[in-house]
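# Structural features, examined
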Amino acid sequence: MRISTIGCGYLGAVHAACMAELGHEVIGVDVDAAKVEKLSRGESPFHEPGFPEVLARAVESGRLHFTTDASQIADCEIHFIGVGTPQMQGRYAADMTYVDAAVDSVLTHANTSPDQPVLIAGKSTVPVGTAAGIAERAAASGKNILVAWNPEFLREGFAVQDTLHPDRIVYGLPEDREEGEVIREMLDRCYAQLLEEQIPRLLTNYPTAELVKVAANSFLATKISFINAMAELCDATGGDVTKLAEAIGHDDRIGKKFLRAGIGFGGGCLPKDIRAFMARAGELGVDQTLTFLREVDAINLRRRETAVEMAADLFGGRLVGRKIAVLGAAFKPNSDDLRDSPALDIATRLWARGADVVITDPAAGDNLRKARPDLHVVDTVEQAVKNSDLLMVLTEWKDFTELDPAELRPRVREAHVIDGRNVLDPQAWSDAGWDYRGMGRGVSTW
Ligand code: UGA
């Protein structure tokens with residue numbers, strides 16, 4: 001099929017390359033000329049394991065092109081919308097400017113005929129009600145354009161895997177059954193190889209499909225804040241939240257995943273999605289329904305301050321002049337994404353309190369230097385820890401979880417370590433002479 005993907009960020013670029021991998025002819029459109037140029041050369045603009053290979057293969061095959069010229073989408077059968085929906089400045093609601101512009105492009109440039117409809121398939125995370133609005137605009141355009149909502153569930157770090165082998169595929173369809181069947185057939189053709197793998201495919205109406213996405217992210221955020229609330233209780237009582245999570249996780253109904261307590265969630269999705277969801281609920285007159293998400297957000301943000309206070313407490317409340325080595329800046333490992341990163345937020349707060357903060361990250365260093373020239377960024381752990389008074393592991397890169405505490409010990413001035421992700425072995429670090437502190441991880445002989 002001939003396909004366009006509008007928006008070539010994480011979601012769009014990976015989707016475009018994966019669709020080409022499935023054999024489709026794909027044109028990726030983005031307003032950012034530098035990004036388009038890079039992608040056209042088969043180079044990834046972001047760190048994502050496995051993506052450079054798929055991208056290079058697709059570009060070399062001649063099935064994948066990128067452009068800033070939206071008129072090139074004219075002959076595509078499906079137009080996927082994968083632009084960002086960031087949080088609006090000073091508000092909780094999502095900024096829909098880019099979605100609106102992407103729809104404008106399709107309505108302007110798509111070639112249609114009465115017997116040959118084209119499809120707008122939305123993938124961006126949007127407020128419920130968006131698809132219906134776009135369908136109205138499409139109908140008013142006089143062109144034969146149908147609309148589906150086809151949410152994306154990819155995780156950074158696993159983007160290719162999640163796109164080519166998702167847990168489920170959701171088609172949000174119009175109430176008109178005939179139209180819906182035409183759309184289903186088009187999307188089934190597009191995803192034929194995935195459907196052969198027996199990946200569950202759910203057919204829903206528009207609001208359900210839109211809600212599925214924000215409900216999933218809200219549930220994940222809630223799970224993380226739940227375990228972080230338990231971490232606060234463990235701190236107050238001497239319990240160990242990692243053991244607690246393991247124990248409750250053995251119950252299948254609870255499950256072990258997304259119960260890692262620490263400095264909390266960040267990134268370009270979970271934080272802004274729960275806020276946009278609350279804002280939308282308010283608009284719909286059901287804001288009380290989601291007030292619990294306010295608590296989820298508050299618990300999450302409290303984790304960052306807790307980490308800073310833990311650091312300050314080690315030095316009698318004063319951080320001025322203390323050298324702190326921060327390991328990790330990205331919001332999670334295997335990513336160079338700094339958006340709403342808890343690690344970066346904590347580093348910034350420490351710095352604001354007068355600490356001499358030195359940061360290192362295996363992938364996000366360059367982005368960090370560009371975004372925050374005020375911070376001291378170094379390339380290696382060795383450089384970061386030299387003569388430090390405190391080591392803080394804030395992103396759980398394998399490079400950090402596998403550090404040898406005995407080897408690091410002589411390099412530092414004071415051997416304090418705060419394990420912001422509860423990924424280090426407390427015993428091994430204590431045995432090597434470190435004062436180990438986890439998040440909600442009381443010292444225990446058990
Ligand atoms: C998230 C969802 O997991 C994806 O399913 C979704 O498609 C995506 O958002 C999106 O909306 O596009 P992502 O932002 O890549 O994916 O990151 P996650 O793996 O969900 O991690 C989010 C944050 O939670 C990270 O900062 C991570 O460190 C933190 N986290 C995760 C915890 O603190 N504890 C955990 O147990 C798990």
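Residues numbered from 1 in each chain as written. Predicted model: local features only at pLDDT ≥ 70, side-chain atom pairs only at ≥ 80, totals over all residues. Heavy atoms only, no water.

### Looking at the overall build of the protein chain
- The secondary structure content of the protein chain amounts to 18 helices and 14 strands.
- Compactness check: the protein chain gives a C-alpha radius of gyration of 24 Å against a globular reference of 22 Å for 446 residues, within 12% of the reference.
- The principal-axis extent of the C-alpha atoms belonging to the protein chain is close to 75 × 45 × 40 Å.
- By the burial criterion, 54% of the 446 residues in the protein chain qualify as buried.
- For the protein chain, the accessible area works out to roughly 19600 Å², and carbon and sulfur atoms hold 52% of it.
- For the protein chain, the distance from the average site of its 48 positive side-chain charges to the average site of its 66 negative ones is 4 Å. (Helix = DSSP H or I, 4+ residues; strand = E, 2+ residues; numbered from the N terminus. Rg over C-alpha atoms; globule rule 2.2 N^0.38 Å. Buried < 20%, exposed > 50% of the residue type's maximum accessible area, 1.4 Å probe, protein only. Areas by Shrake-Rupley, 256 points an atom, 1.4 Å probe, with all protein chains shown as cover. Lys, Arg positive; Asp, Glu negative; His and termini not counted. Charge placed at Lys NZ, Arg CZ, Asp CG, Glu CD.)

### Comments concerning the nonpolar core
- Judged by nonpolar contacts, the single largest core of 43 residues is most densely connected at Phe 51, Leu 64, Phe 66, Ile 78, Leu 119, Leu 187 and Tyr 191.
- At eight residues, helix α1 (residues 10-21) tops the list of elements feeding residues into this core.
- Counting 31 residues, the second-largest nonpolar core is a separate cluster that includes Ala 329, Ile 346, Ala 347 and Ile 418. (Core = buried A, V, L, I, M, F, W, Y, C linked by side-chain atoms within 4.5 Å.)

### As for helix α9 (residues 206-237)
- The end-to-end C-alpha distance of α9, which contains 32 residues, comes to 47 Å, matching closely the 46 Å that a straight helix rising 1.5 Å per residue would cover.
- Positioned one or two residues after α9, Gly 238 has a phi angle of 90°, which is positive. (Expected span 1.5 Å × (residues − 1).)

### Thoughts on the site of the ligand
- Residues in close proximity to the ligand total 21 residues, the closest being Phe 153, Leu 154, Glu 156, Lys 213 and Asn 217.
- The backbone of Gly 266 places a nitrogen or oxygen atom 3.1 Å from an oxygen atom of the ligand.
- If the ligand stood free it would expose 720 Å²; the protein chains cover 92% of that surface.
- Those elements that place two or more of their residues in the shell around the ligand are α9 and α11 (270-283).
- With four residues, α9 is the single largest residue contributor to the shell around the ligand. (Near = heavy atom within 4 Å. Polar contact = N/O pair within 3.5 Å; in protein donor to acceptor, adjacent residues only side chain to side chain.)

### Concerning the sheet that holds strand β13 (residues 416-419)
- Taking strand neighbours across the sheet as the criterion, the six strands line up as β11-β10-β9-β12-β13-β14 in an open arrangement whose pairing is parallel. Edge positions in the open sheet fall to β11 (376-377) and β14 (435-438), since each of these has one partner strand only.
- Pairing analysis gives two bridges linking strand β10 (residues 356-360) to β11, with the strands arranged parallel. Residue pairing for β11: Val 358 is matched across the bridge by His 376.
- Against the sheet, helix α13 (residues 342-352) makes contact with β9 (323-327), β10 and β12 (390-393), and its axis sits at roughly 160° relative to β10, the strand it touches most. (Pairing = 2+ DSSP bridges. Contact = heavy atoms within 4.5 Å. Axes fitted to C-alpha atoms, helices over the stretch in contact; angles between N-to-C directions.)

### Describing the domain arrangement of the protein chain
- Each assigned domain of the protein chain is listed with its residue range as follows: domain 1 (2-199) and domain 2 (217-438).
- The distance between the C-alpha centroids of domain 1 and domain 2 comes to 33 Å.
- Listed as interface residues are 17 residues of domain 1 and, on the opposing side, 18 residues of domain 2.
- With both chains or domains summed, domain 1 and domain 2 bury close to 1400 Å², and 55% of this area falls on carbon and sulfur atoms. (Domains from an automatic or database assignment. Buried area = accessible area lost by both parts, 1.4 Å probe.)

### Here we look at the environment of Ile 418
- Inspection of the secondary structure assignment puts Ile 418 in strand β13.
- With sequence-adjacent residues up to four places away left out, Ile 418 is seen in contact with Ala 307, Met 310, Ala 311, Leu 314, Leu 390, Leu 391, Met 392, Val 393 and Arg 437.

### Considering the environment of Arg 369
- Along the chain, the position of Arg 369 falls in helix α14 (residues 365-371).
- Apart from the residues within four sequence positions on either side, Arg 369 is in contact with Val 377, Val 378 and Asp 379.
- For Arg 369, the side chain forms a polar contact with the side chain of Asp 379, separated by 3.0 Å.

### Quick notes on the environment of Ile 27
- Tracing the sequence through the fold places Ile 27 in strand β2 (residues 25-29).
- Residue Ile 27 is classed as buried on the basis of its relative accessible area, which comes to 9%.
- Expressed as a C-alpha distance, the spacing of Ile 27 and Asp 379, which sit 352 residues apart in the sequence, is 36 Å.
- For Ile 27, the residues in contact, after removing those within four places along its chain, are Ile 3, Ser 4, Thr 5, His 65, Thr 67, Gln 72, Ile 73 and Cys 76.

### Remarks on the packing of aromatic side chains
- Taken as a whole and assessed by the stated rule, the structure comprises five aromatic pairs.
- An angle of 15° between the planes, with centres 5.4 Å apart, marks the rings of Phe 46 and Phe 51 as stacked.
- Between Phe 80 and Tyr 191, the ring centres sit 6.3 Å apart and the planes meet at 45°, which makes this aromatic pair tilted. Remark: Tyr 191 occurs in the loop between α7 (177-190) and α8 (192-196) and Phe 80 occurs in strand β4 (residues 78-81); sequence separation between them is 111 residues. (Phe/Tyr/Trp six-rings, centres within 6.5 Å; stacked < 30°, edge-to-face > 60°.)

### Here we look at the side chain of Asp 297
- When you line up the elements, Asp 297 lands in helix α12 (residues 291-313).
- In this structure Asp 297 comes out as buried when scored by relative accessible area, which is 4%.

### Quick notes on the state of the cysteines
- Following the criterion strictly, the structure yields zero disulfides and no others.
- With no disulfide of its own, Cys 76 lies closest to Cys 190 among cysteine sulfurs, the gap being 11 Å.
- Judged by its relative accessible area of 3%, Cys 76 is buried. (Disulfide = S-S within 2.5 Å.)

### Observations regarding the packing of α11 against α12
- Contact geometry for α11 and α12: axes closest at 10 Å, N-to-C directions at 150°. In terms of axis orientation, α11 runs roughly antiparallel to α12. When you trace α11 past α12, the crossing you get is left-handed. The segment α11 lies against α12, with Ile 274, Arg 275, Phe 277 and Met 278 engaging Leu 293, Arg 294, Val 296, Asp 297 and Leu 301.
- The residue makeup of the contact of α11 with α12, split by class, is six nonpolar, no polar and three charged. (Parallel < 35°, antiparallel > 145°, perpendicular 65-115°, else oblique. Left-handed = near helix turned anticlockwise from the far one by under 90°. Nonpolar A, V, L, I, M, F, W, Y, C, P; charged D, E, K, R; others polar.)

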